[in-house]
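Structural characterization, general
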Amino acid sequence: MVIYDNMMLTAGDDSRVLISEVGSYKTICEIKTKAIPRAADMLGNLVVVGDIKGGITLYKDGKEVDSWLGHHEGEVWGLNLAENLIVTAGDDNKVILWDYNNCRAVKEACINSKPGQKLKDNVPGKPKMPDNQSSRSVCYNAATKEIAIATNNGELHIRDIKDIEKNKKVINCSKRWIEQMCYSPKGDMLAVGTHANELLVYSVPGYELRGKLEGHATPLICIDWSTDGTYLRSLDEGFDMIFWKLPGFTKDPDGAVNTKDKDWETQSCKIGWSVQGIYPPGTDKTHVNYVAKSRDGKLVATGDDWGFVNVYNYPCGKGSKCYSLRGHSEQVPRIVFSKDDDYIFSVGGNDKAVIQWKK
């Protein structure tokens, strides 16, 4: 309830906001909101409402004039760059496209309209939504203009960037959740890392299974492609990194040596010579959740359990100093650089925040 200038604002579970005269309680204005209000305020003829689905709507004289979208339930891990947009996915059955030049969400779609089963202890944080309505990994393919959404029940949803509400293809990848995916530099393959300890490689655009790479003893958390597309490297929770040689998808035991002169399209793997300095003294490797390097290869950023985004020079040797950015109140599970490296984007897990950092 809010009282302002002899007017009283109330909001309830009936998805209505009422403005009434103090004393007479005569209703002056009634606003039908998009979802159940959880916070509301007014100033003159303006009313702002925050709802249970993470949206904020501005009303003038009882009519909507602007609105902002957001995530509202569970954690937000899925994050990727998509042209001049970023795309996020979370435990709230939402995929959202954000226009970072105007700092606002421009499109929202649900992951699955039909709730399914929820596996016990499948995903950390224990999301309330069913596994088929939650996602913690999303990636974009510039070659086909497609978004891949990985659900927590092991499905892969392929959608067009211009129509993110409709599935072009659904693939049953795994019986466990998917934490990491990565398209190849040419966009002709998609590598998927599952919590069933498997690395799956699909052809694009048909999404036929090209390889099922086994060798990890724990769930996969990081995947990188070499820039020339001849190697994959994958990292698991036990910090075992395996190098895979293409096109045969064979394990290369000497991959660390054989790829020392290769460039890597991404740097999500958080161990190796080029990122050996990202761990402060006295810490183990578990507090660093994710790593990303800039497009020009001059910087590398990490997201950690303490809510920091840390920026280092790349390569990052032992003893390197960082510039730490603080804005999240929870762990930072994903970060990504913009195409021109002018921005870093991060998501804050349980704080559900998407933050844009300017160079």
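Now for a look at the structure at hand. (Residues numbered from 1 in each chain as written. Predicted model: local features only at pLDDT ≥ 70, side-chain atom pairs only at ≥ 80, totals over all residues. Heavy atoms only, no water.)

Quick notes on the sheet that holds strand E17 (residues 178-183)
The strands that make up a sheet are held in pairs by hydrogen bonds between backbone atoms, and each pair lies either parallel or antiparallel. Strand order in the open sheet formed by four strands is E17-E18-E19-E20, with antiparallel pairing between adjacent strands. The sheet is open, and its two edges are formed by E17 and strand E20 (209-214), each paired on a single side. For this sheet, the mean inter-axis angle between neighbouring strands, taken without regard to orientation, is 15 degrees. Two elements, E17 and strand E18 (residues 189-194), share five bridges in a ladder whose sense is antiparallel. Of the residues in E18, the one forming a bridge with Gln-180 is Gly-193. (Pairing = 2+ DSSP bridges. Helix = DSSP H or I, 4+ residues; strand = E, 2+ residues; numbered from the N terminus. Axes fitted to C-alpha atoms, helices over the stretch in contact; angles between N-to-C directions.)

Brief notes about the packing of aromatic side chains
Per the counting criterion, the structure on display carries five aromatic pairs. An angle of 50 degrees between the planes, with centres 4.8 Å apart, marks the rings of Tyr-100 and Phe-345 as tilted. Taken together, the residues Tyr-100 in the loop between strand E11 (94-99) and strand E12 (104-110) and Phe-345 in strand E30 (residues 343-347) connect sequence positions 245 residues apart. For the pair shown, Tyr-100 and Phe-345 are each scored as buried. Taken together, the aromatic side chains of Tyr-100, Tyr-343 and Phe-345 make up a single cluster linked through ring pairs. The ring of Trp-77 carries Arg-136 above its face, with NZ or CZ at 4.7 Å from the centroid. Lying across the ring of Phe-308, Arg-326 places its NZ or CZ 4.9 Å from the centre. (Phe/Tyr/Trp six-rings, centres within 6.5 Å; stacked < 30°, edge-to-face > 60°. Buried < 20%, exposed > 50% of the residue type's maximum accessible area, 1.4 Å probe, protein only. Lys NZ or Arg CZ within 6 Å of the ring centre and 35° of its normal.)

Remarks on the sheet that holds strand E6 (residues 46-51)
In space, the four strands of this open sheet follow the order E5-E6-E7-E8, with antiparallel pairing throughout. Strand pairing shows two members of the sheet lacking a second neighbour, strand E5 (37-43) and strand E8 (63-68), which therefore form its edges. Within the sheet, the average angular offset between the axes of one strand and its neighbour, ignoring direction, is 20 degrees. Two elements, E5 and E6, share six bridges in a ladder whose sense is antiparallel. Counted as the bridge partner of Asp-41 is Val-48 from E6.

Considerations on the layout of surface pockets
Of the volumes computed, that of the largest pocket is approximately 850 Å³. Taken together, 36 residues line the largest pocket, and the ones lying closest to its centre are Asn-80, Tyr-140, Glu-265, Thr-266 and Arg-295. Going through the elements one at a time, strand E9 (76-82), strand E13 (135-141), E17, strand E21 (220-225), strand E25 (288-293) and strand E29 (334-337) are the ones with two or more residues in the lining of the largest pocket. In terms of residues, the lining of the largest pocket owes the most to one element, E13, which gives five residues. In terms of residue class, the lining of the largest pocket is built from 18 nonpolar, 10 polar and eight charged. Together, 17 residues line the second largest pocket, and Arg-233, Lys-260, Trp-264, Trp-273 and Ser-274 are the ones closest to its centre. (1 Å grid on protein atoms, 1.4 Å probe; cavity = no way out; pocket = protein on both sides within 12 Å on 5 of 7 lines; lining within 4 Å. Points joined across faces, edges and corners; volume = space filled by probe spheres on them. Nonpolar A, V, L, I, M, F, W, Y, C, P; charged D, E, K, R; others polar.)

What about the nonpolar core?
Residues Leu-235, Met-241, Val-275, Ile-278, Val-291 and Val-300 are the most contacted members of the largest nonpolar core, which totals 18 residues. Contributions of two or more residues to this core are made by E21, strand E22 (231-236), strand E23 (241-245) and E25. The contacts of Leu-235, once residues within four sequence positions are left out, are His-216, Pro-219, Leu-220, Ile-221, Cys-222, Asp-240, Met-241, Cys-269, Lys-270 and Ile-271. Of all hydrophobic cores here, the second largest spans 16 residues; its members include Cys-139, Ile-171, Cys-173 and Val-204. (Core = buried A, V, L, I, M, F, W, Y, C linked by side-chain atoms within 4.5 Å. Contact = heavy atoms within 4.5 Å.)

Considerations on the pattern of salt bridges
Under the counting rule described, the total for this entry stands at 16 salt bridges. Where Arg-16 meets Glu-30, a salt bridge forms, and the shortest distance between an N and an O atom there is 3.4 Å. Separated by 14 residues along the polypeptide, Arg-16 in strand E3 (residues 16-21) and Glu-30 in strand E4 (residues 27-32) bring together distant segments of the chain. A salt bridge links Asp-91 to Arg-136; its shortest N-O distance comes to 2.6 Å. Placement of the pair is Asp-91 in the loop between strand E10 (85-90) and E11 and Arg-136 in strand E13, with a sequence separation of 45 residues. Pair check on accessibility: Asp-91 and Arg-136 agree, each one buried. Residues joined by salt bridges that share partners form a network here, namely Asp-14, Arg-16 and Glu-30. (Salt bridge = Lys/Arg side-chain N within 4 Å of Asp/Glu carboxyl O.)

Describing the environment of Gly-62
Summarising the element assignment, Gly-62 is placed in the loop between strand E7 (56-60) and E8. Residue Gly-62 is classed as partly exposed on the basis of its relative accessible area, which comes to 27%. The contacts of Gly-62, once residues within four sequence positions are left out, are Cys-29 and Ile-31.

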